[in-house]
Every structure is written in structure tokens, then in C-alpha cells.
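# Tertiary structure, described
These are the residues of each chain, in order.
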Amino acid sequence: IAAEAPSSSQEAIIVEGNRRIDADAIRAHFHIRPGNRDDESVRDAALKSLIATGLFDSVAIELVGDKLVVRVREAAVLARVAFEGNKKVKDADLSAAIESRPHGTLQRATVQSDASRIAEVYRRAGRGDVSVKPEVIERGTGSVDLVYKIVEGAKTPVRKVNFSGNR
């Protein structure tokens, strides 16, 4: 009887909006014991756990009657990550500096962080006047191409070096 209780608790979780990720994989983030389905801390922990996977753009959990309804919107899958406009820094060096990878999920925060990392690679190469604009190209079926458009700008010159405090 105890072995059947968790499965009946899991059956009381309805998953909506998933296409690639199995509903049972989503349900596995809920640690529900019989009678605690309406416990706010259980839903909060499951919400945080699902968001932390990086597989979803949005997650909403609500109690409807005696069932939990989980509505998810899956994050797009990166089909390709490319760089355009880079002449002074190689694609391989830029790829090594970023976290976004093909077949991974598109995370807006990661894309912005990657743009900053690309700009830092250029600063270390003496090119402080660089701009990096990420562009997402929809391919359909939940996949996208991520292209970082780079405007390199001029090399940053060193006009003068001053030493202070030396004797």
C-alpha cells in the first residue's frame, strides 16, 4: 500500500505545455506525500527545482481542486551558435569564452553574460571599442540559431604611461 501512495500523488499532478521533456520527469521534481499536495513549501521547492534545470522559460504551478496543474514553456534549443563581424579574434577563441553551446537551451541571462565575455576577450586583445549584439533566429519546432554580431572598432592606443610613487 505504501508503494502505491507516491504514484497516486504523482498522478494528481497534471503537466501542460511540455513537448520535449517527459511529464514524469517534470513530476519527479515534486516530493509530495499523501495529504500535503496543497503545501505551499512543496510547490515552491518544485518551482525552484524546475527553473534551476534551465530547460524552461516559464513555470507556473497552481492548485485546481484536488490536482496540481504545472504549466511550463520549454526553452528553445540552440541549433547553432555563430559569430559575425569578428576579424581580429578567431571563432574558436570566442567559442571557448562563452557558455552557450549548440544543443543546449537558450537562456537570456546566459546570452547577455556571453556578450559581456566576448567584449572582455576583445578588451584583453587591446580593442576596447567593441560592441556585441546577440541575435536569435527562429528556426521553428522549438529550435533557434544564436548569432553574436560583433563590431570590432579601432584598436585602443596607449599614448602615455605614467608611474606614480616611484623614487
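Preceding this section is the structure that the text describes.
Throughout what follows, the structure given in this document is the object of discussion.

Conventions we followed
- Residues numbered from 1 in each chain as written.
- Predicted model: local features only at pLDDT ≥ 70, side-chain atom pairs only at ≥ 80, totals over all residues.
- Heavy atoms only, no water.
- Patch = residues over 30% accessible without salt bridge, like charges linked within 9 Å, V, L, I, M, F, W, Y side chains within 5 Å.
- Areas by Shrake-Rupley, 256 points an atom, 1.4 Å probe, with all protein chains shown as cover.
- Salt bridge = Lys/Arg side-chain N within 4 Å of Asp/Glu carboxyl O.
- Helix = DSSP H or I, 4+ residues; strand = E, 2+ residues; numbered from the N terminus.
- Phe/Tyr/Trp six-rings, centres within 6.5 Å; stacked < 30°, edge-to-face > 60°.
- Buried < 20%, exposed > 50% of the residue type's maximum accessible area, 1.4 Å probe, protein only.
- Contact = heavy atoms within 4.5 Å.
- Core = buried A, V, L, I, M, F, W, Y, C linked by side-chain atoms within 4.5 Å.
- Polar contact = N/O pair within 3.5 Å; in protein donor to acceptor, adjacent residues only side chain to side chain.

Taken together, the side chains of Val 158, Val 161 and Phe 163 define a hydrophobic patch exposed on the protein surface, amounting to about 380 Å² of accessible area. Topologically, Phe 163 is positioned in the segment after β6 (143–151).

In this section: the packing of aromatic side chains. Applying the stated criterion across every chain yields a total of one aromatic pair. Seen from their ring centres, Phe 83 and Tyr 148 are 5.9 Å apart, and the 20° between their planes marks the pair as stacked. Of this pair, Phe 83 sits in strand β4 (residues 77–84) while Tyr 148 sits in strand β6, and the two are 65 residues apart along the sequence. For the pair Phe 83 and Tyr 148, a shared accessibility class is recorded, and that class is buried.

Attention now moves to the environment of Gly 126. Topologically, Gly 126 is positioned in the loop between α5 (108–124) and β5 (131–140). Discounting chain neighbours no more than four positions away, the residues touching Gly 126 are Lys 155 and Thr 156.

The biggest cluster of nonpolar side chains holds 20 residues, and the ones touching the most others in it are Phe 83, Leu 94, Ile 118, Tyr 122, Val 132, Tyr 148 and Ile 150. Broken down by secondary-structure element, the contributors of at least two residues to this core are β4, α5 and β6. Of the residues forming this core, the biggest block, six residues, is contributed by α5. Not counting the four nearest positions on each side in its chain, Ile 118 is found in contact with Phe 83, Leu 94, Ile 98, Val 132, Tyr 148 and Ile 150.

Our focus in this paragraph is the side chain of Asn 86. Structurally, Asn 86 can be placed in the loop between β4 and α4 (91–97). Judged by its relative accessible area of 15%, Asn 86 falls in the buried class. Looking at Asn 86, its side chain comes within polar contact range of the main-chain oxygen of Val 89, at 2.9 Å. At a separation of 2.7 Å, a polar atom in the side chain of Asn 86 contacts the side chain of Asp 91. Apart from the residues lying within four places of it in its own chain, the contact partners of Asn 86 are Asp 91, Leu 94, Tyr 122, Ile 150 and Glu 152.

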